[in-house]
Amino acid sequence: MSKVEEFEELRPLLFSIAYRILGSVSEAEDAVQESWLRFDGSATRPASTKAYLSAVVTRISIDVLRSARVRREEYVGPWFPEPLLSDPYQDPARSVELADSVSMAALVLLERLSPLERAVFVLREVFAFGFDDIAAAVGRSEAACRQLLVRARRHMQAGRPRFAADREDREELATRFFDALKNGDVGGLQNLLAADVQLVGDGGGKAPQLAKAVMGAENVARLLGTVFPWLIRIDVTFELHEVNGQPGAIFRDRDGRVLQTMALELLDGRIQTIRAVINPDKLGHLGPVGDAWAVDREVKQARRQSD
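Per-chain numbering applies: the sequence of each chain, read as written, is numbered from 1 onward. Local features are withheld for residues below a pLDDT of 70 in this predicted model, meaning they are given only at 70 or higher, and side-chain atom pairs are given and counted only at 80 or more; totals for whole chains, interfaces and linings count all residues. Note: side-chain values were computed over all heavy atoms of the structure, leaving out hydrogens and water.

Engineer: Mind laying out the nonpolar core, listing which residues take part and the relevant values?
Structural biologist: In these notes, a set of buried Ala, Val, Leu, Ile, Met, Phe, Trp, Tyr and Cys residues joined through side-chain atoms within 4.5 Å is what counts as a nonpolar core. The classification of residues rests on relative accessible area computed with a 1.4 Å probe and restricted to protein chains. Under 20% of the type maximum is buried, over 50% is exposed, and intermediate values are partly exposed. Counting 50 residues, the largest nonpolar core has Ile17, Tyr19, Phe127 and Val138 as the members making the most contacts within it. Numbered from the N terminus, helices here are DSSP runs of H or I no shorter than four residues, and strands are runs of E no shorter than two. Breaking this core down by element, the ones donating at least two residues are α1 (3-22), α2 (25-41), α3 (49-73), α5 (104-110), α6 (115-126), α7 (131-138) and α8 (142-157). No other element matches α1, which puts 10 residues into this core. Contacts were defined at the residue level, with two residues in contact if any of their heavy atoms lie within 4.5 Å. Once you skip the residues sitting within four places of it in the chain, Tyr19 turns out to touch Ser24, Val25, Ala28, Pro81, Glu82, Pro83, Leu84, Val102, Leu107 and Asn244.

This is the structure in structure tokens:
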């Protein structure tokens, strides 16, 4: 195969590694592109192109993550990853690990780790790389990588997400949730929510968002059942779509521009967490982005006129 063919065959894997380390679609795509430039500029062909490119994209991602950590510490409100609608890398033998590791909950949990711990955890736990390849990728000894993995597992274990396994059940519950949301059915919503459900939004200070997480089935159902019928009145629409491997939806304004994504985390037949990404900087890869502030003003005006 030519260099281009080899690289394109590995591109889905490289993106999936970078996205899990970085939590950003745009930064992961940049890391993959930089990997190609280094591969293309190399005068020699590596013994294993997969090992070489995986190491390159990992090192690039670690460097990017280190520079991004200060920005994330100063981030306004909760930080969520950029929503991913579909993971390009598929491996039937690792399907459970791949699905769990790309969820919003898992990626938020990975933020607790240092860049090296995160890289080692992703390469070993998600993609089952050998410690020799991991050591080459992160520039540490195999013994050091084993210690990094032990620490990473310890940090991850307490908050490790658990999801409903049956895809059909998840989709059915999500359909009922979004139907109740569209109709403003507060009681119907409450019946689908776990007693300790959380509703959290990531606006990054650049879009209307909740001042803090809303807790409890009654509070979340009342808020959603009150707000969303008004959005429907001003022609906001939504389409059901898997978001980070979990059931969710994309919301659009009347001109079809993206306003936000919503992802549902399910446990024991109930919705446990609702995460909305509203920050326009995190939505551009999904298409043209709408003005959430304008939509908010229009909703408020419509409610005043109805009083």
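Next comes the rest of the account.
Engineer: Break down the pairing of strand β4 (residues 248-252) for me, with residues and values.
Structural biologist: Counting buried positions over the five residues of β4 gives five, a clear majority of the element. Residues Gly248, Ile250 and Arg252 point to one face of β4 and Ala249 and Phe251 to the other, with burial holding for every one of them. Strands are labelled as partners when DSSP assigns at least two bridges between them. Sheet topology note: the strand β3 (residues 237-240)/β4 ladder contains four bridges and is antiparallel. Bridged to Leu240 within β4 is Ala249. By the bridge criterion, five bridges tie β4 to strand β5 (residues 258-267) in an arrangement that is antiparallel. Among the inter-strand pairings, Arg252 is bridged to a residue of β5, identified as Val258.

Engineer: Just give me the short version of α3, but keep the residues and values in it.
Structural biologist: An expected span of 1.5 Å times one less than the residue number is assigned to each helix. Its 25 residues place the ends of α3 36 Å apart at the C-alpha level, agreeing with the 36 Å of an ideal helix rising 1.5 Å per residue. In α3, a bend of some 30° at Ser67 exceeds every other bend along the element. Bend is the name given here to the angle between axes fitted to two runs of seven residues, the run ending at a residue and the run starting at it.

Engineer: So, the sheet that holds strand β1 (residues 193-202): which residues are in play, and what are the values?
Structural biologist: Spatially, the six strands line up as an open sheet ordered β2-β1-β6-β5-β4-β3, and their pairing is mixed. Of all strands in the sheet, those bounded by a partner on one side alone are β2 (214-215) and β3. Looking at chain direction, β1 and strand β6 (residues 270-277) are connected through six bridges and run parallel. Each bridged residue has a counterpart across the sheet, and for Leu199 the counterpart in β6 is Ile274. Whenever a helix is involved, its axis is fitted only over the stretch in contact; in every case the axis is a line through C-alpha atoms, and angles between N-to-C directions fall within 0 to 180 degrees. Sheet strands in contact with helix α11 (residues 217-233) are β1, β2, β3, β4, β5 and β6, and its direction is about 50° off that of β1.

Engineer: Can you tell me about the side chain of Lys3, naming the residues and giving the values?
Structural biologist: With respect to the helices and strands, Lys3 occurs in helix α1. Aside from chain neighbours lying at most four places away, what touches Lys3 is Trp36, Phe39, Asp40, Ser42 and Arg45.

Engineer: Lay out the packing of aromatic side chains in plain terms, naming residues and giving numbers.
Structural biologist: Between rings of Phe, Tyr and Trp, where Trp is taken as its six-membered ring, a pair exists when centres lie within 6.5 Å; planes separated by under 30 degrees are stacked, by over 60 edge-to-face, and by other angles tilted. Evaluation of the coordinates by the stated rule reveals 10 aromatic pairs. Aromatic pair Trp36 and Phe39: ring centres 6.2 Å apart, planes at 70°, arrangement edge-to-face. Of the two residues, Trp36 and Phe39 are both situated in helix α2; the distance of three residues between them amounts to about one turn of the helix. Residue class for Trp36 comes out buried when judged on its relative accessible area of 16%. Relative accessible area serves as the criterion here: at 0%, Phe39 is assigned to the buried category.

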